[in-house]
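These are the residues of each chain, in order.
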Amino acid sequence: MPIPPELARILREHLAEDGTGEDGRIFRSERRGVIASTAYTEVWQAARLLAFTPAQVASPLVRRPYDLRHAAVSLWLYAGVSAPDVAERAGHSVDVLLRVYAKCIDGQQEIANKRIGNALAA
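Attention in this report is confined to the structure presented alongside it. Predicted, not measured: the structure shown is a model, and the values here were computed from it.

Cut-offs used in this document
- Residues numbered from 1 in each chain as written.
- Predicted model: local features only at pLDDT ≥ 70, side-chain atom pairs only at ≥ 80, totals over all residues.
- Heavy atoms only, no water.
- Helix = DSSP H or I, 4+ residues; strand = E, 2+ residues; numbered from the N terminus.
- Rg over C-alpha atoms; globule rule 2.2 N^0.38 Å.
- Buried < 20%, exposed > 50% of the residue type's maximum accessible area, 1.4 Å probe, protein only.
- Contact = heavy atoms within 4.5 Å.
- Areas by Shrake-Rupley, 256 points an atom, 1.4 Å probe, with all protein chains shown as cover.
- Lys, Arg positive; Asp, Glu negative; His and termini not counted.
- Charge placed at Lys NZ, Arg CZ, Asp CG, Glu CD.
- Axes fitted to C-alpha atoms, helices over the stretch in contact; angles between N-to-C directions.
- Parallel < 35°, antiparallel > 145°, perpendicular 65-115°, else oblique.
- Left-handed = near helix turned anticlockwise from the far one by under 90°.
- Nonpolar A, V, L, I, M, F, W, Y, C, P; charged D, E, K, R; others polar.
- Polar contact = N/O pair within 3.5 Å; in protein donor to acceptor, adjacent residues only side chain to side chain.

1. Some remarks on the overall build of the protein chain
For step 1, the next point in the chain: In terms of helices and strands, the protein chain carries seven helices and zero strands.
For step 2, the next point in the chain: From first element to last, N terminus to C terminus, the protein chain shows the α and β order α-α-α-α-α-α-α.
For step 3, the next point in the chain: Over its C-alpha atoms the protein chain spans a radius of gyration of 19 Å, topping by over 25% the 14 Å that the globule rule assigns to 122 residues.
For step 4, the next point in the chain: In terms of principal-axis extent, the alpha carbons of the protein chain reach across some 60 × 35 × 25 Å.
For step 5, the next point in the chain: Relative to its full complement of 122 residues, the protein chain shows a buried share of 16%.
For step 6, the next point in the chain: Intrachain contacts of the protein chain at a sequence separation of at least 6 include 25% that bridge at least 24 residues.
For step 7, the next point in the chain: Put simply, the protein chain shows about 9400 Å² of open surface, and 61% of that area lies on carbon and sulfur atoms.
For step 8, the next point in the chain: One way to put it: in the protein chain the 15 positive side-chain charges average out to a point 3 Å from where the 14 negative ones average out.

This is the structure in structure tokens:
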């Protein structure tokens, strides 16, 4: 999956400093084993408390790490990346992508009308 150059740099630095586990994992526990899902949850909840306002913490806003996937896919669609490209990056079919994420496109009628007008004028 293509990733932004900045993320590639961060991952390369991490690998240069920490290497991988015996099983090839990039991230591992302090004992070099698999990170327990409870550890992710604890860190995630602590990070939300530090990063968000009390109202945001009480909301469903990125309540789980998995919600970042939904946010990323929604952002790609919002940015105008084609549905087939987004589906491929996300590991979805276009049908699943549009059924699950199409709601993020709401409110974009003005942008869509402008793009259609520009295409017709070309």
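2. Looking at the packing of helix α4 (residues 67-78) against helix α5 (residues 83-90)
For step 1, the next point in the chain: For the pair α4 and α5, the least separation of the axes is 9 Å and the interaxial angle reads 160°. One finds that α4 runs roughly antiparallel with respect to α5. The hand of the α4/α5 crossing is right-handed. Together, Arg69, Val73, Trp76 and Leu77 of α4 and Ala83, Val86, Arg89 and Ala90 of α5 make up the contact between the two elements.
For step 2, the next point in the chain: Tallied by class, the residues present in the contact of α4 with α5 amount to six nonpolar, no polar and two charged.

3. Observations concerning the side chain of aspartate 67
For step 1, the next point in the chain: Positionally, aspartate 67 belongs in helix α4.
For step 2, the next point in the chain: Taking relative accessible area as the criterion, aspartate 67 reaches 14% and is therefore assigned buried.
For step 3, the next point in the chain: Only 2.9 Å separates the side chain of aspartate 67 from the backbone nitrogen of arginine 63, close enough to count as a polar contact.
For step 4, the next point in the chain: A distance of 2.5 Å separates polar atoms of two side chains, one belonging to aspartate 67 and the other to arginine 64.
For step 5, the next point in the chain: The residues touching aspartate 67, leaving out its near neighbours within four places in the chain, are Pro60 and Val62.

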